[in-house]
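# Inside the fold
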Amino acid sequence: MVSEPTTSTAGDTRAAEPAGQGQSPTRALRFVAVSNRLPVVVEQSAEGWTTRPAGGGLVTALAPVLRNRGGLWVGWPGVTEDVDLHALLDRASREAGYRLHPVRLTAEEARLFYLGISNEALWPLFHDLFTRARFSPEAWRAYLEVNRKFARVVARRGRSADYIWVHDYHLMTMARELRALGVEQRMGFFLHIPFPAPDIFLKLPWRAQILHALLDYDLIGFQTARDRRNFLDCARLVLPDARARGKGAVVSLNHGGRTVRVGTFPISIDFDEFAHQSSAPAVVEATRRLREELGGRTILLGVDRLDYTKGIPERLEGYRLALTRYAELRGEVTYVQVAVPSRRDVPEYQVLRAEVDRLIGEINGEFAQIDWVPIHYFFRSLPREELLGYYRAADIALVTPLKDGMNLVAKEYCAAHVENDGVLVLSEFAGAAAQLHRWAVMVNPHDVEGTAEAIHTAYHMAPADRQRRMRRLRDSIRRNNIYRWVDDFLEAAVAKRLNDFPYQEDYVPPLDPGEGF
Ligand code: GDG
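This is a predicted model, so every value here is computed, not measured.

Calculation notes
Residues numbered from 1 in each chain as written. Predicted model: local features only at pLDDT ≥ 70, side-chain atom pairs only at ≥ 80, totals over all residues. Heavy atoms only, no water. Near = heavy atom within 4 Å. Polar contact = N/O pair within 3.5 Å; in protein donor to acceptor, adjacent residues only side chain to side chain. Areas by Shrake-Rupley, 256 points an atom, 1.4 Å probe, with all protein chains shown as cover. Helix = DSSP H or I, 4+ residues; strand = E, 2+ residues; numbered from the N terminus. Nonpolar A, V, L, I, M, F, W, Y, C, P; charged D, E, K, R; others polar. Domains from an automatic or database assignment. Core = buried A, V, L, I, M, F, W, Y, C linked by side-chain atoms within 4.5 Å. Buried < 20%, exposed > 50% of the residue type's maximum accessible area, 1.4 Å probe, protein only. Contact = heavy atoms within 4.5 Å. Pairing = 2+ DSSP bridges. Right-handed = clockwise from strand over helix to strand, strands pointing away. Phe/Tyr/Trp six-rings, centres within 6.5 Å; stacked < 30°, edge-to-face > 60°. Lys NZ or Arg CZ within 6 Å of the ring centre and 35° of its normal. Axes fitted to C-alpha atoms, helices over the stretch in contact; angles between N-to-C directions. Parallel < 35°, antiparallel > 145°, perpendicular 65-115°, else oblique. Buried area = accessible area lost by both parts, 1.4 Å probe. Salt bridge = Lys/Arg side-chain N within 4 Å of Asp/Glu carboxyl O. pLDDT = per-residue confidence, 0-100.

## A closer look at the site of the ligand
Around the ligand sit 24 residues, and of these His 192, Leu 382, Asp 404, Leu 408 and Glu 412 come closest. Separating an oxygen atom of the ligand from a side-chain N or O atom of His 192 is a distance of 2.6 Å. Between the ligand and Ser 381 there is a distance of 3.3 Å, counted from a nitrogen atom to a side-chain nitrogen or oxygen. Burial of the ligand by the protein chains amounts to 91% of its free accessible area of 730 Å². Looking at the shell around the ligand, the elements that each hand over two or more residues are α1 (57-66), β12 (298-305), β13 (333-340), α13 (384-393) and α14 (408-416). Class assignment for the residues of the shell around the ligand results in eleven nonpolar, eight polar and five charged. Looking at the shell around the ligand, you find at least three residues from each of domain 1 (24-268 + 481-500) and domain 2 (271-479).

As structure tokens, then:
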């Protein structure tokens, strides 16, 4: 950080930390993960304020990395009320196995930074849906201010041996703020969502500010080669002196006398853990029960946050057409859609919810028989064990986003199919397609007829073909698991691997008093 002494605060409890593998606490290599949201949901219940682990791709990917490594995760707890976070987050940190440190936002900051820019400008634009994007200068000023706030919290909590790893589109200008505060540590950034091509990115009023700020990181990571190519094309157009050099997964970008590394790091899952949990007796029993309850029919499964990028209405239209065209599917297949509520206060998401409700009502109304319902719909998050039961029970997974950074559901579905059965129907526009396209049934999610045909193809696929493809899918995901993702990123960032960060069972660093509490 700036320098070690200035990071100490009065009453700092760090001196009590165990050294870990013979290193003094302040020298031990430590992860500081930073993301918009902390990986817990803080909510009010009958017992008062409580926390529970949050879901979502980023948490699934990062939690195993920080667990028991004395790591720190900095983020917004998601509430703007005056909640006593100290005890709440202390307990949640012990349960998680890493320290959670909050950045408090006012209701106005949350509205402008989180809703105004992150959800209503960057999210749609970066997913190529620019007609849904709104650009508010007032919200942009709040975005910059909140990035500054995050930077101040990290600068105060930091130590010289930290590796600062910032995540996602909410925090693209944070490195600039950290540098302005004199922070010198190496810092990396990973974009979980796609990076758009220049003809879309250049519509952003703050395109130059974002690119300049991103270049203050030392390493910028993208999910796929396509995203990185888009980023480099945009950088060359907006910053005429920018020059990319090198080949392979990590290249160098020179600009203004600085060299930044730019890499491709496809994110993944803890494959072995998913496979292991899917074999647990409770999951096997849940799978058996589900199959029985659904009358032994072929099960199609969709699992998504209820988000317009996930292509749920388009998929439903594809299913409707499949039932219309291929009579043999009627009464023989059942589609289970799990839609996890998301961003409920954004109007587009309310419209989407109504559209999905309407389509499901129409399809069920049109095709249902007295002993068969074509679509079972859950508008809620399922407990992990139940989700795994659905993954295992499903003969066909429909993963058809209009655009997705990666899509972990596709990988989790395959990991859960420990008997090498099941068919993955996958969108060409999911980041996962780059890795899995050879063995999945590929679709263009905008093509209703193509989607119907893909369902038909998956339904009729011969068992030997299913097995061969699923084995290949699982081999690829097993090899390229979440630990490989972390190792590749850290190797490029600081020439280290995950195992260089000391593992300490049951150790969570003590809570720092001060800002945020
Ligand atoms: C972003 C990018 C990128 C879903 N339903 C339930 C549940 N989930 C979990 C899944 C999975 C996660 O949520 C969803 O991850 P995705 O990757 O599919 O999608 P996003 O949340 O949009 O994630 C994405 C990711 O970041 C990582 O970089 O892949 O492209 O958009 O882990 O298991 N979990 C539980 N119950 C559910 O009902 N417990």
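## A short note on the nonpolar core
By size, the foremost hydrophobic cluster in this structure holds 103 residues, and its most contacted members are Val 34, Met 174, Phe 231 and Tyr 319. Taken together, domain 1 (24-268 + 481-500) and domain 2 (271-479) each give at least three residues to this core, which thus spans both. When near neighbours in sequence (up to four residues on either side) are disregarded, Val 34 contacts Val 74, Phe 150, Val 154, Ile 164, Trp 165, Val 166, His 167, Leu 171 and Met 174. Among the nonpolar cores identified, the runner-up in size contains 82 residues, and Leu 100, Phe 271, Val 409 and Val 494 belong to it.

## Notes on the pairing of strand β16 (residues 423-427)
The buried fraction of β16 is high, at five of five residues. Alignment of strand β15 (residues 396-399) against β16, held across four bridges, turns out to be parallel. Counted as the bridge partner of Val 399 is Leu 426 from β16. A crossover links β15 with its parallel partner β16, the connecting element being α14, and its sense is right-handed. With three bridges connecting them, β16 and strand β17 (residues 441-443) associate as parallel partners. Along β17, the bridge assignment pairs Val 425 with Val 441.

## A closer look at the packing of aromatic side chains
Enumeration according to the criterion identifies 25 aromatic pairs in this entry. Look at Trp 165 and Phe 489: their rings are 4.3 Å apart centre to centre, the planes differ by 20°, and that puts the pair in the stacked class. Of this pair, Trp 165 sits in strand β6 (residues 162-167) while Phe 489 sits in helix α18 (residues 482-494); the two residues are 324 residues apart in sequence, bridging distant segments of the chain. Residue classification places Trp 165 among the buried positions, given a relative accessible area of 1%. Taking relative accessible area as the criterion, Phe 489 reaches 0% and is therefore assigned buried. In this structure, Arg 37 packs its charged tip against the face of Trp 76, placed 5.3 Å from the ring centre. We note Lys 203 situated over the ring of Phe 130; from NZ or CZ to the ring centre the distance is 4.7 Å.

## Quick notes on the packing of helix α11 (residues 312-325) against helix α12 (residues 347-367)
Interaxial distance between α11 and α12 falls to 10 Å at its minimum, and their mutual angle equals 10°. Relative to α12, the element α11 is oriented roughly parallel. In this structure, α11 contributes Ile 312, Pro 313, Leu 316, Glu 317, Tyr 319, Arg 320, Leu 323 and Thr 324 to the contact, and α12 contributes Leu 352, Glu 355, Val 356, Leu 359, Ile 360, Glu 362, Ile 363, Glu 366 and Phe 367. A per-class count over the contact of α11 with α12 returns eleven nonpolar, one polar and five charged.

## Some details on the side chain of Ser 268
Take Ser 268: it is sitting in the loop between β11 (258-264) and α9 (271-278). Using a relative accessible area of 0% as the deciding quantity, one classes Ser 268 as buried. A polar side-chain atom of Ser 268 sits 2.8 Å from the main-chain carbonyl oxygen of Asn 480.

## Topic: the sheet that holds strand β4 (residues 72-76)
Taking strand neighbours across the sheet as the criterion, the nine strands line up as β5-β4-β1-β6-β7-β8-β11-β10-β9 in an open arrangement whose pairing is mixed. Whereas interior strands pair on both sides, the edge strands pair on one side only; in this sheet they are β5 (99-102) and β9 (243-245). Recorded for the sheet is a direction-independent mean angle of 25° between the axes of neighbouring strands. Relative to strand β10 (residues 250-255), β9 runs antiparallel, the two being bridged by three bridges. Bridge pairing in β10 places Arg 245 opposite Ser 252.

## Considerations on the domain arrangement of the chain
Taken domain by domain, the chain consists of domain 1 (24-268 + 481-500) and domain 2 (271-479). Here the C-alpha centroids of domain 1 and domain 2 sit 30 Å apart. Between domain 1 and domain 2 lies a buried interface of about 2,100 Å² when both sides are counted; carbon and sulfur atoms form 55% of it. Our enumeration of links across domain 1 and domain 2 arrives at two salt bridges. Salt-bridge contacts for Glu 348 lead to Arg 134; the nearest nitrogen and oxygen are separated by 3.4 Å. Counting across the domain 1 and domain 2 interface gives nine residue pairs in polar contact (both at pLDDT 80 or more). Looking at the side of domain 1 that touches domain 2, the elements with two or more residues in it are α1 and α3 (107-126). Looking at which element gives the most residues to the side of domain 1 that touches domain 2, the answer is α3, with six residues.

## Here we look at the confidence of the model for the chain
The predicted model of the chain has a mean per-residue pLDDT of 90, with 92% of residues at 70 or higher. Overall, residues 1-25 carries pLDDT values under 50, and its contacts beyond four positions in sequence, including any with other chains, amount to 55 contacts.

## Quick look at the pattern of salt bridges
Pairing of side chains with opposite charge becomes possible as their charged atoms draw close. Enumeration according to the criterion identifies 38 salt bridges in this entry. Arg 148 is the salt-bridge partner of Glu 177, the closest N and O atoms lying 3.1 Å from each other. Here Glu 177, found in helix α5 (residues 174-180), pairs with Arg 148, found in helix α4 (residues 137-157); they are 29 residues apart in sequence, far enough to count as distant. For Glu 177, a relative accessible area of 12% gives the class buried. With its nearest N and O atoms 2.8 Å apart, the salt bridge here joins Glu 362 to Arg 358. In this pair, Glu 362 and Arg 358 both sit in helix α12, four residues apart, roughly one turn of the helix. On the basis of relative accessible area, Glu 362 is assigned to the partly exposed category, the value being 32%. Overall, the relative accessible area of 45% leaves Arg 358 in the partly exposed class. Salt bridges sharing common partners tie together Glu 317, Arg 320, Arg 358, Glu 362 and Glu 366.

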